[in-house]
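Below are the chains, spelled out letter by letter.
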Amino acid sequence: PPLPGGHELGDQLYFTGPNQSFESGDKLTHGRQGEVVGPATGAKHQGNGLKMQFPGNKGHANCSLTRLSREQPPPLPGGRETG
């Protein structure tokens, strides 16, 4: 079956949400580019999200389609540094 949002495995997408850190040490960083590795499997994002691999992370992250973009997003408001 096709992936949500018409994306394909290997597509390079940018994370557009706020920075997040996880207990595993993995991070989601605003503006960071990652690779689509499959459909999201978490209940929250199933059917409307993708499983992403971001550089430096050990695991995959389930991301909502609303937090992913083919275009690099502008910096976060307030001038906070990313990455």
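Computed from a prediction, not measured in an experiment: that's the story for all the values here.

A. Quick look at the nonpolar core. Counting residues in hydrophobic clusters, the biggest one holds eleven residues: Leu3, Leu13, Phe15, Leu28, Val36, Leu50, Met52, Phe54, Ala61, Cys63 and Leu68. Within the residue set of this core, elements represented by two or more residues are β1 (12–15), β5 (49–53) and β6 (61–64). The contact partners of Leu68, leaving out residues within four places of it in the chain, are Leu13, Tyr14, Phe15, Thr16, Leu50, Met52 and Cys63.

B. Up close: the pattern of salt bridges. Scanning the model with the defined rule gives one salt bridge in all. Ionic pairing is found between Arg70 and Asp11, a salt bridge with its closest N-O pair at 3.6 Å. Here the residue Arg70 occupies a position in the segment after β7 (68–69), and Asp11 occupies one in the segment before β1, the gap between them amounting to 59 residues.

C. Up close: the environment of His60. Summarising the element assignment, His60 is placed in the loop between β5 and β6. Residues His60 and Phe22, spaced 38 residues apart in sequence, show a C-alpha to C-alpha distance of 12 Å. There is a polar contact of 3.2 Å between the side chain of His60 and the side chain of Gln53.

About the criteria used
- Residues numbered from 1 in each chain as written.
- Predicted model: local features only at pLDDT ≥ 70, side-chain atom pairs only at ≥ 80, totals over all residues.
- Heavy atoms only, no water.
- Core = buried A, V, L, I, M, F, W, Y, C linked by side-chain atoms within 4.5 Å.
- Buried < 20%, exposed > 50% of the residue type's maximum accessible area, 1.4 Å probe, protein only.
- Helix = DSSP H or I, 4+ residues; strand = E, 2+ residues; numbered from the N terminus.
- Contact = heavy atoms within 4.5 Å.
- Salt bridge = Lys/Arg side-chain N within 4 Å of Asp/Glu carboxyl O.
- Polar contact = N/O pair within 3.5 Å; in protein donor to acceptor, adjacent residues only side chain to side chain.

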